[in-house]
Amino acid sequence: VTENVSVAALGSIAGDFSLKPRAVSGEVAARAAEALGVDGVANAARQCAAVTVVFLPPTKGHLSSLDEAAVLAGVSGSGGSAGSAKRPKTGPGKGEVQSVRLRHLLVRHRDIRQPFDPVRKKPVIRTQLEADARLRGVLRELLLEQRTLKAEVRQDRKASMAHVQPTPKCLTLTKEFSECESATKGGGMCGDLGWVSFDDLRSFGPTFAEVARTLSVGQWSDLVSSDHGVHLLQRIA
């Protein structure tokens, strides 16, 4: 990868997708594959992989990495015995998020259970790599716009909630690319999943649930997979 993607390009990609390791890794691998002339999965011997590691600060209500490792190993992170180790939480505890309101874009691929686009009424034949690439392009535009809006908000405190309102670009991208029926909703409801409980989040898969619960209001997620395809999530309340 490093032989085909310059340091400057790596820095640019990391800046475009700040704290979005899946998007960064996918874009770096795609750039390297393009430089090698690899077309998708046509040449397995020359495929590229990139791994991005992001160190996030601990959040309230979550185990530290050391405590979590200790729990998984069967010992207490605070020096107790194996028998006294606490099990990881399986649901939100007191004071934690019980439900979130989400906006999303969904791109399906052929490897899901039902590879069919209900919006355009046609089968989906793209690969997951192609779905990821499509959503990375969308995410880049949304993050660029959001950075611009946040700069404007700093100048106007009355617009402090502007970043959670669907912008014309967000609405356009959702209607153009999303393959969820929520994309057909009118006005500001376009792409809106409504209030989603913790149990409903888990029905999308553990990764989806964890990502949704840890988003701050207005924040766009990294690419996240579920049984329905690949999503971009934005917490709006």
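Residues numbered from 1 in each chain as written. Predicted model: local features only at pLDDT ≥ 70, side-chain atom pairs only at ≥ 80, totals over all residues. Heavy atoms only, no water.

In the annotation of an unreviewed UniProt entry, the chain is listed under the name Peptidyl-prolyl cis-trans isomerase and assigned to Noctiluca scintillans. Turning to the chain, the UniProt record has this under Catalytic activity (unreviewed entry): "[protein]-peptidylproline (omega=180) = [protein]-peptidylproline (omega=0)". (UniProt positions renumbered as here; feature names shortened; annotations may be inferred.)

Caption draft 1: Summary view of the state of the cysteines. Following the criterion strictly, the structure yields 0 disulfides and no others. For Cys190, which is in no disulfide, the shortest distance to another cysteine sulfur is to Cys170 and amounts to 7.2 Å. (Disulfide = S-S within 2.5 Å.)

Caption draft 2: Just the nonpolar core, in detail. If you look at the biggest cluster of nonpolar residues, it comprises 20 residues, and the most contacted ones within it are Leu135, Val138, Leu139, Leu142, Trp220 and Leu232. A total of 6 residues in this core trace back to one element, the largest contributor, which is helix H4 (residues 128–155). Domain assignment of the residues forming this core places at least three in each of domain 1 (12–38 + 48–55) and domain 2 (99–235). In this view, Leu142 contacts Leu105, Cys170, Leu173, Trp220 and Leu232; residues no more than four positions away in its chain are not counted. (Core = buried A, V, L, I, M, F, W, Y, C linked by side-chain atoms within 4.5 Å. Buried < 20%, exposed > 50% of the residue type's maximum accessible area, 1.4 Å probe, protein only. Helix = DSSP H or I, 4+ residues; strand = E, 2+ residues; numbered from the N terminus. Domains from an automatic or database assignment. Contact = heavy atoms within 4.5 Å.)

Caption draft 3: Examining the side chain of Ser25 more closely. Along the chain, Ser25 falls in helix H2 (residues 21–36). Accessibility expressed as a relative area gives 11% for Ser25, which makes it buried. Residues in contact with Ser25, not counting those within four places in the same chain, are Ala50, Val51 and Thr52.

Caption draft 4: Looking closely at the environment of Phe204. Positionally, Phe204 belongs in the loop between helix H6 (198–203) and helix H7 (206–214). With 23 residues separating them in the primary sequence, Phe204 and Asp227 have C-alpha atoms 6.6 Å apart. Those residues in contact with Phe204, other than ones at most four positions away along the chain, are Ser226, Asp227, His228 and His231.

Caption draft 5: Molecular detail of the environment of His231. Take His231: it is sitting in strand E6 (residues 229–235). When the C-alpha positions of His231 and Asp132 are compared, they lie 9.0 Å apart, and in sequence the two are 99 residues distant. In this structure, His231 is in contact with His104, Leu105, Leu106, Leu135, Phe204, Phe208, Asp222, Leu223, Val224, Ser225 and Ser226, ignoring residues within four places of it in sequence.

Caption draft 6: Broad picture of the sheet that holds strand E5 (residues 224–226). Taken in spatial order, the 4 strands of this open sheet run E4-E1-E6-E5, and their pairing is antiparallel. Two strands lie at the open edges of the sheet, namely strand E4 (192–197) and E5, each paired on one side alone. Geometrically, the sheet is characterised by an average inter-axis angle of 45 degrees between neighbouring strands, direction not taken into account. As paired strands, E5 and E6 are joined by 3 bridges and run antiparallel to one another. Across the sheet, residue Ser225 finds its bridge partner in E6, namely Val230. (Pairing = 2+ DSSP bridges. Axes fitted to C-alpha atoms, helices over the stretch in contact; angles between N-to-C directions.)

Caption draft 7: Focus on a nonpolar patch on the surface. A cluster of nonpolar side chains, Val51, Val53 and Phe55, forms an exposed patch at the surface whose accessible area comes to about 420 Å². By relative accessible area, Phe55 is classed as exposed at 76%. (Patch = residues over 30% accessible without salt bridge, like charges linked within 9 Å, V, L, I, M, F, W, Y side chains within 5 Å. Areas by Shrake-Rupley, 256 points an atom, 1.4 Å probe, with all protein chains shown as cover. Salt bridge = Lys/Arg side-chain N within 4 Å of Asp/Glu carboxyl O.)

Caption draft 8: Region of interest: helix H1 (residues 7–16). Those residues of H1 not exposed but buried are Ala9, Ile13 and Asp16. One side of H1 holds all its buried residues, which, seen down the axis, span an arc of 65 degrees. In H1, the exposed positions angled more than 90 degrees off the buried face are occupied by Val7 and Ala8. (Arc of directions from axis to C-beta.)

Caption draft 9: Representation of the environment of Gly205 within the structure. Looking at where Gly205 falls in the secondary structure, it is placed in the loop between H6 and H7. When its relative accessible area of 17% is taken as the criterion, Gly205 is described as buried. Along the primary structure Gly205 and Ser226 are separated by 21 residues, whereas in three dimensions their C-alpha atoms are 6.0 Å apart.

Caption draft 10: Broad picture of the side chain of Asp222. With respect to the helices and strands, the residue Asp222 is situated in the loop between H7 and E5. Here Asp222 occupies a buried position and makes no salt bridge, while the nearest side chain of opposite charge, Arg22, is found at 6.0 Å. Of note is the side chain of Asp222, whose polar atom sits 2.6 Å from the backbone nitrogen of Arg22. Other than its neighbours up to four places away in sequence, Asp222 contacts Lys20, Pro21, Arg22, Ala23, His231 and Leu232. (Lys, Arg positive; Asp, Glu negative; His and termini not counted. Polar contact = N/O pair within 3.5 Å; in protein donor to acceptor, adjacent residues only side chain to side chain.)

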